Amino acid sequence: MMSLYRLPPLPTIREIIKLYNLRAEKQLSQNFLLDLKLTDKIVRKAGNLQNAHVCEVGPGPGGITRAILNSGAEELLVVEKDTRFLPGLKLLNEASMGKVRIVHGDILTYRMDKAFPRHLQKAWSDDPPNVHIIGNLPFNVSTPLIIKWLEEMANRTGPFVYGRTRMTLTFQHEVAERLTAPTSSKQRSRLSIMAQYLCQVKHCFSIPGRAFVPKPEVDVGVVHFSPLIEPKIDQPFKLVEKVVRNVFQFRRKYCYKGISMLFPEEQRTKLTEQILTSADVEPTLRPSALTMKHFQGLCNAYREMCEQDPHLFSYNFREELHQKKVKRNQDTQKTPQITLS
Ligand SMILES: C[S@@+](CC[C@H](N)C(=O)[O-])C[C@H]1O[C@@H](n2cnc3c(N)ncnc32)[C@H](O)[C@@H]1O
């Protein structure tokens, strides 16, 4: 069946690279994937792309682009920052009879909410729309981008105005492990909770660094995100983010230490006890041992406490520390100097 959708005249990626003299820019962390088995495998992990509307982020010379075009997608929007790749992408567009829409831009600022026709929109509780995001981006872009997209997923904005848009993205191997880490694993971190409370996250497979040209220092993990109908924590993203950040800031200590920093010093002991009791969290658990249910309990209890004291949410213990330091310095300067004559 697959051969029905194959587009025979597509130029090979090596031809495109040679034709336009496309060298990877090390400063831009460009690492190309030219192995067709691997580009096909990434695209297969996105699911069935027949008649799909796909956005590929950072297509570069077009290895993954080609695999997407061969998968039966109806429309492929590519967002590429580096102008050197535009002529090669135009060539792929011509060879695919106009299926590729090329945007020269930065995916961090591109309006994904306007990227596709509105008729593709599905209700959140419905099946996911036939809209997919696929990309092999530089590591310094993929991590801030996934944090931005997780917030947009929580708010149903950006690419999630179409419904539960699925994403298949590459990350540095260690980040892929953190995104998918289960309770009590070494890699369990802030990113694990933020991703897993909103989606089903799957580390599909790893690609050794040597498969890329040029070879990056680290291996790469391919991660698939499928947004959940009901997030596992029913609280605003910013609140969840604050609780989770506090819990993990002292990751080697008992969890009560980080949790206590949600509260101003004068109420710290009392309110920490209150939140731990209400969320049914054992104070001597390590942050990595907390389950999603524990985080749900902590966020719900913190929300209630913030409703009772509206100043609580804006409290930031680092700011308090900073203020104290400034005051100490001012006091030292005010102390009269006693000079011995
Ligand atoms: C690691 S290379 C991968 C290229 C290609 N997808 C592949 O797998 O061979 C990353 C690509 O993303 C592009 N890129 C980097 N930052 C970007 C951004 N903020 N927005 C859009 N594209 C970006 C780079 O120019 C480059 O083409």
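Our subject is the structure listed above.
Residues numbered from 1 in each chain as written. Predicted model: local features only at pLDDT ≥ 70, side-chain atom pairs only at ≥ 80, totals over all residues. Heavy atoms only, no water.

Participant: Would you mind showing me how to read the pattern of salt bridges here?
Facilitator: When the charged atoms of two side chains with opposite charge come close together, those side chains can pair. A complete count under the given rule lists 8 salt bridges for this structure. The partner of Arg 101 in a salt bridge is Glu 75, and the shortest N-O contact between them spans 2.9 Å. One end of the pair, Arg 101, is in strand β4 (residues 100-104); the other, Glu 75, is in strand β3 (residues 75-80), with 26 residues separating them in the sequence. In this structure Arg 101 comes out as partly exposed when scored by relative accessible area, which is 31%. (Salt bridge = Lys/Arg side-chain N within 4 Å of Asp/Glu carboxyl O. Helix = DSSP H or I, 4+ residues; strand = E, 2+ residues; numbered from the N terminus. Buried < 20%, exposed > 50% of the residue type's maximum accessible area, 1.4 Å probe, protein only.)

Participant: Explanation requested: the packing of helix α8 (residues 237-248) against helix α11 (residues 292-308) in the structure shown.
Facilitator: Packed helices, taken two at a time, are described by the angle between their axes plus the distance between the axes. Remark: α8 packs on α11, axes separated minimally by 10 Å, with the N-to-C direction vectors making an angle of 115°. As for how α8 packs across α11, the hand of that crossing is right-handed. Facing Leu 239, Val 240, Lys 242, Val 243, Val 244, Val 247 and Phe 248 of α8, the residues of α11 in contact are Phe 295, Leu 298, Cys 299, Tyr 302 and Arg 303. (Axes fitted to C-alpha atoms, helices over the stretch in contact; angles between N-to-C directions. Left-handed = near helix turned anticlockwise from the far one by under 90°. Contact = heavy atoms within 4.5 Å.)

Participant: Quick question: what am I supposed to make of the site of the ligand here?
Facilitator: Close to the ligand lie 22 residues; Leu 33, Gly 58, Glu 80, Asp 106 and Asn 136 are nearest. In the environment of the ligand, a nitrogen atom lies 2.7 Å from a nitrogen or oxygen atom belonging to the backbone of Gly 58. Measuring from a nitrogen atom of the ligand, one finds a backbone N or O atom of Lys 81 at 3.4 Å. For the ligand, whose unbound accessible area comes to 590 Å², protein coverage reaches 97%. Contributing elements (two or more residues each) for the shell around the ligand: β1 (32-33) and β3. Residues that form the shell around the ligand fall into these classes: 10 nonpolar, 7 polar and 5 charged. (Near = heavy atom within 4 Å. Polar contact = N/O pair within 3.5 Å; in protein donor to acceptor, adjacent residues only side chain to side chain. Areas by Shrake-Rupley, 256 points an atom, 1.4 Å probe, with all protein chains shown as cover. Nonpolar A, V, L, I, M, F, W, Y, C, P; charged D, E, K, R; others polar.)

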